[in-house]
Amino acid sequence: MILIADCGSTKIDWCVLADKKVEKQVFTLGMNAVMLTEEEMRGRISNELMPELGGLSAKIDSVYFYGAGCISAEVCGNVASAIKANIPSATKVEVYSDLLAAARALCGREPGIACIMGTGSNSCLYDGRGIAHNVSPLGYVLGDEGSGAVLGKLFLGDVLKNQLPADVAAKFLEEYNLDLLTIIRRVYREPLGNRFMASVTPFISKHIDVPQIHDMVLGSFKAFFRRNIMQYEGYSEHKVNFIGSIAVYFRPVLEEAAKECGCTIGRILKSPMEGLLAFHSEN
């Protein structure tokens, strides 16, 4: 049996695969591996995952863990040790980044460009085996173009600087129960300001026909292509594939931006698990 994990900061999607079929799927609280010690991760897996797996855990011989924060050999080693402590039957435990999860889910074993576009954004040129080139996303302050956090940041700025129709801005503030001071506090003084900014994207999507909002989203997506995708050698020869809610819900505008930048959109998935199951079923 194979255990596959798609780990984000909010939740972890665990799937047990047996004879190319999903035997069990479990959701636990998310974690960022770079922020936790091996002992903390071991405890979380023990308390949240193992009771759900029950007797299946003794039949697992391989684990493939893809996670946020899995960016160094040390961090990946800590995750692997935490898993082995809980699932001693596993003779193979491999830990990879969430970006490789996106690449494998979207491209399988074929070369291509794989992107994540959710609360944050990221991208890579994938050679069918591994990540050949990655333009650093730099986070929502310096980069993360096209992400939910950046769309929210731009939108909130437009609301507060009177760049939107007055009725649209007023409707937003009323619907989200916000005012200037509350927005400033949520962005600058409270933790997870990026998640707060990303939380307004449903309103942006709902009002995408407002010209100012459409232009703002289009501009951010074009910046994503220019500052990231167009830096990959031969980018125009590959389809650009996406995982993430922003890519799903804003697909028409994303395709518009891609066309203007000479890029071609390929697959768009909300999450990588479906593609990861297919990838590991082929082994």
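Description of the structure in this document. Fair warning: this is a prediction, and the values are worked out from it, not measured in the lab. (Residues numbered from 1 in each chain as written. Predicted model: local features only at pLDDT ≥ 70, side-chain atom pairs only at ≥ 80, totals over all residues. Heavy atoms only, no water.)

### Notes on the nonpolar core
Turning to step 1, where the next piece is worked out: F155, V217, F221, F225 and F242 are the most contacted members of the largest nonpolar core, which has 44 residues in total.
Turning to step 2, where the next piece is worked out: For this core, the element with the most residues is helix α10 (residues 211–227), which contributes seven residues.
Turning to step 3, where the next piece is worked out: Among residues more than four places away in sequence, those in contact with F225 are M230, V240, F242, L254, A257, A258, C261, C263 and I265.
Turning to step 4, where the next piece is worked out: Judged by nonpolar contacts, the second largest core, of 29 residues, contains L49, I60, A80 and I83. (Core = buried A, V, L, I, M, F, W, Y, C linked by side-chain atoms within 4.5 Å. Buried < 20%, exposed > 50% of the residue type's maximum accessible area, 1.4 Å probe, protein only. Helix = DSSP H or I, 4+ residues; strand = E, 2+ residues; numbered from the N terminus. Contact = heavy atoms within 4.5 Å.)

### With respect to empty space enclosed by the protein
Turning to step 1, where the next piece is worked out: Under the defined criterion, the tally for this structure stands at one cavity of 30 Å³ or more.
Turning to step 2, where the next piece is worked out: In this model, the largest cavity occupies a volume close to 50 Å³.
Turning to step 3, where the next piece is worked out: As for the largest cavity, its lining consists of I12, W14, T28, L29, M31, M41, R44, I45, E48 and L49.
Turning to step 4, where the next piece is worked out: At the level of elements, β2 (11–18), β3 (21–29) and α1 (38–53) are the ones that each hand at least two residues to the lining of the largest cavity.
Turning to step 5, where the next piece is worked out: Here the element with the most residues in the lining of the largest cavity is α1; it accounts for five residues. (1 Å grid on protein atoms, 1.4 Å probe; cavity = no way out; pocket = protein on both sides within 12 Å on 5 of 7 lines; lining within 4 Å. Points joined across faces, edges and corners; volume = space filled by probe spheres on them.)

### Some details on unusual backbone geometry
Turning to step 1, where the next piece is worked out: Positioned with a positive phi, D19 is a non-glycine residue whose angle comes to about 50°.
Turning to step 2, where the next piece is worked out: The topology assignment puts D19 in the loop between β2 and β3.
Turning to step 3, where the next piece is worked out: On the basis of relative accessible area, D19 is assigned to the exposed category, the value being 76%.
Turning to step 4, where the next piece is worked out: Although it is not a glycine, D144 sits at a positive phi angle of roughly 55°.
Turning to step 5, where the next piece is worked out: Tracing the chain through its elements places D144 in the loop between α4 (139–142) and α5 (148–160).
Turning to step 6, where the next piece is worked out: When its relative accessible area of 8% is taken as the criterion, D144 is described as buried.

### A few points about the side chain of D144
Turning to step 1, where the next piece is worked out: Although D144 is buried, it makes no salt bridge; K153 carries the closest opposite charge, 8.7 Å away.
Turning to step 2, where the next piece is worked out: The contacts of D144, once residues within four sequence positions are left out, are G120, S121, P137, G139 and V150. (Lys, Arg positive; Asp, Glu negative; His and termini not counted. Salt bridge = Lys/Arg side-chain N within 4 Å of Asp/Glu carboxyl O.)

### Observations concerning the environment of G148
Turning to step 1, where the next piece is worked out: For G148, the location among the structural elements is in helix α5.
Turning to step 2, where the next piece is worked out: For the pair G148 and S199, spaced 51 residues apart in sequence, the C-alpha separation works out to 7.6 Å.

### Here we look at the packing of aromatic side chains
Turning to step 1, where the next piece is worked out: One pass over the full model with this rule turns up eleven aromatic pairs.
Turning to step 2, where the next piece is worked out: Arranged with centres 4.9 Å apart and planes meeting at 35°, the rings of F172 and Y176 form a pair that is tilted.
Turning to step 3, where the next piece is worked out: Using a relative accessible area of 0% as the deciding quantity, one classes F172 as buried.
Turning to step 4, where the next piece is worked out: Geometrically, the ring pair formed by F221 and F250 is edge-to-face, given 6.2 Å between the ring centres and 75° between the ring planes. Placement of the pair is F221 in helix α10 and F250 in the loop between α11 (245–249) and α12 (251–260), with a sequence separation of 29 residues. Each member of the pair, F221 together with F250, is buried.
Turning to step 5, where the next piece is worked out: The ring of Y96 carries R104 above its face, with NZ or CZ at 4.7 Å from the centroid. (Phe/Tyr/Trp six-rings, centres within 6.5 Å; stacked < 30°, edge-to-face > 60°. Lys NZ or Arg CZ within 6 Å of the ring centre and 35° of its normal.)

### Some thoughts on the sheet that holds strand β5 (residues 92–97)
Turning to step 1, where the next piece is worked out: Spatial strand order, β3-β2-β1-β4-β5: five strands in an open sheet with mixed pairing. Looking at the sheet topology across the chains shown, the edges are occupied by β3 and β5. Each neighbouring strand pair of the sheet contributes to a mean axis angle of 15°, computed without reference to strand direction.
Turning to step 2, where the next piece is worked out: Pairing of strand β4 (residues 62–67) with β5, which is carried by six bridges, proceeds in the parallel orientation. Each bridged residue has a counterpart across the sheet, and for G67 the counterpart in β5 is S97.
Turning to step 3, where the next piece is worked out: The strands touched by α1 are β1 (2–7), β2 and β3; relative to β3, the strand with the most contacts, the crossing angle is about 150°. (Pairing = 2+ DSSP bridges. Axes fitted to C-alpha atoms, helices over the stretch in contact; angles between N-to-C directions.)

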